[in-house]
Amino acid sequence: MRRPYIVGNWKMHGTADALTTLADIAACADSVAKQVDVGIAPPATLLHRAVSSVGGSALALGGQDCHSEQHGAFTGDMSAEMLRDAGAEFVIIGHSERRSGHRETNADVRAKAAAAMAVGLGCILCIGEPLDVREAGEAEDYLAGQLAASLPNSFTPDMLTIAYEPIWAIGTGHRAGRDDIVAVHRLIRTVLTGAGGDGAAQRVLYGGSVNASNAADLFAADEIDGALVGGASLKAESFNAIIRAAAP
Ligand code: 13P
C-alpha cells in the first residue's frame, strides 16, 4: 500500500509571518498522520525557524533544491548535507523552474538526487513536458526519456518520490485531465521498474494547479498518490483542504 503524500512547494514566498500558516498546516498534518504524509518546502531562509516552530509535529520540512556536491566553492548554493543539518527531511529536485530558469540538465538532476539520498534526505524528483510537446502528441516519449536520464543509479520507494508536473499546468489554473495523469503515472512506474526499481511501490504525485476544489477528483484515481502543490499551499485553509481530501 502506498501512503498518500501531499507536499507544498512555497517557491520564493514566505517570511517570518508565514510561520503561523505552518503551525496551522502542522495541526492538520497531525490530525491525519495515521493516513497521510504531509510536507512543506519553505524558502531556505525559513527552514531553521520552521523546524523550531513545528518540529516534532507530523509535518515534514524540506528544501526546494540542493547542490550535487556536499561542500565547496559554490557561492550562493546549498548542499543536501546543509539542508539536513537545518532540519530538512526531504528536498525537491529538478523542478521545471530550476530546469528552465537555472538551465539544470537531466544529468544535474540525477547528481543532485544522488547527493540528497546519500545524506538521507528523501527526494521528490520532478518531471514535466512543455505545451508544444503535449500538443505534438509526444509527451510520453519525452517524459520517459527525461525520467530515465534523471534517475540516480539506485533508489528505493521510501527515499524517492516522482512528481509529474506538466509545465503548462503550473500556476495557470489549467490542471491536467485525470485520465492523462493516470496514463503518465503508469508510464512512470514502467520506467522506474525498467531502471531496476519497484514501480508499483513508488509514490507518484501530480502537480500543476491543484487546489481545494479539484483535489478530491485527482485522488479518486489509485494511480495518483498525492500532489505537489504550489499556490494553494501558501494558505492553510486551501492546503489543509487538499490534505483532508487525500485522507481515505
Ligand atoms: P501550482 O500549484 O501553483 O500550479 O504550482 C505547482 C508547482 O509548481 C509545485 O511544485
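Residues numbered from 1 in each chain as written. Predicted model: local features only at pLDDT ≥ 70, side-chain atom pairs only at ≥ 80, totals over all residues. Heavy atoms only, no water.

Moving on, we get to the site of the ligand. Lys-11, His-95, Gly-171, Ser-209 and Gly-230 are the nearest of the 13 residues found near the ligand. A distance of 3.1 Å separates an oxygen atom of the ligand from a polar atom in the side chain of Asn-9. One of the backbone nitrogen or oxygen atoms of Gly-230 is found 2.8 Å away from an oxygen atom of the ligand. In the complex, the protein chains occlude 94% of the 310 Å² of accessible area that the ligand would expose alone. Counted by class, the shell around the ligand contains four nonpolar, seven polar and two charged residues. (Near = heavy atom within 4 Å. Polar contact = N/O pair within 3.5 Å; in protein donor to acceptor, adjacent residues only side chain to side chain. Areas by Shrake-Rupley, 256 points an atom, 1.4 Å probe, with all protein chains shown as cover. Nonpolar A, V, L, I, M, F, W, Y, C, P; charged D, E, K, R; others polar.)

Right, let's talk about the packing of aromatic side chains for a bit. Considering all chains together, one arrives at one aromatic pair under this definition. With a centroid separation of 6.2 Å and an interplanar angle of 65 degrees, the aromatic rings of Tyr-164 and Tyr-206 are classed as edge-to-face. Separated by 42 residues along the polypeptide, Tyr-164 in strand β6 (residues 160–164) and Tyr-206 in strand β7 (residues 203–207) bring together distant segments of the chain. With respect to class, Tyr-164 is no different from Tyr-206; both count as buried. (Phe/Tyr/Trp six-rings, centres within 6.5 Å; stacked < 30°, edge-to-face > 60°. Helix = DSSP H or I, 4+ residues; strand = E, 2+ residues; numbered from the N terminus. Buried < 20%, exposed > 50% of the residue type's maximum accessible area, 1.4 Å probe, protein only.)

Turning to the packing of helix α1 (residues 19–31) against helix α10 (residues 236–246), a few remarks are in order. Packing of α1 against α10 leaves a shortest axis separation of 9 Å and a crossing angle of 20 degrees. When the axes of α1 and α10 are compared, the pair comes out roughly parallel. Note on packing geometry: the crossing formed by α1 with α10 is right-handed. Residues Thr-21, Asp-24, Ile-25 and Cys-28 of α1 lie in contact with α10, whose contacting residues are Ala-236, Phe-239, Asn-240, Ile-243 and Arg-244. In the contact of α1 with α10, the residues fall into five nonpolar, two polar and two charged. (Axes fitted to C-alpha atoms, helices over the stretch in contact; angles between N-to-C directions. Parallel < 35°, antiparallel > 145°, perpendicular 65-115°, else oblique. Left-handed = near helix turned anticlockwise from the far one by under 90°. Contact = heavy atoms within 4.5 Å.)

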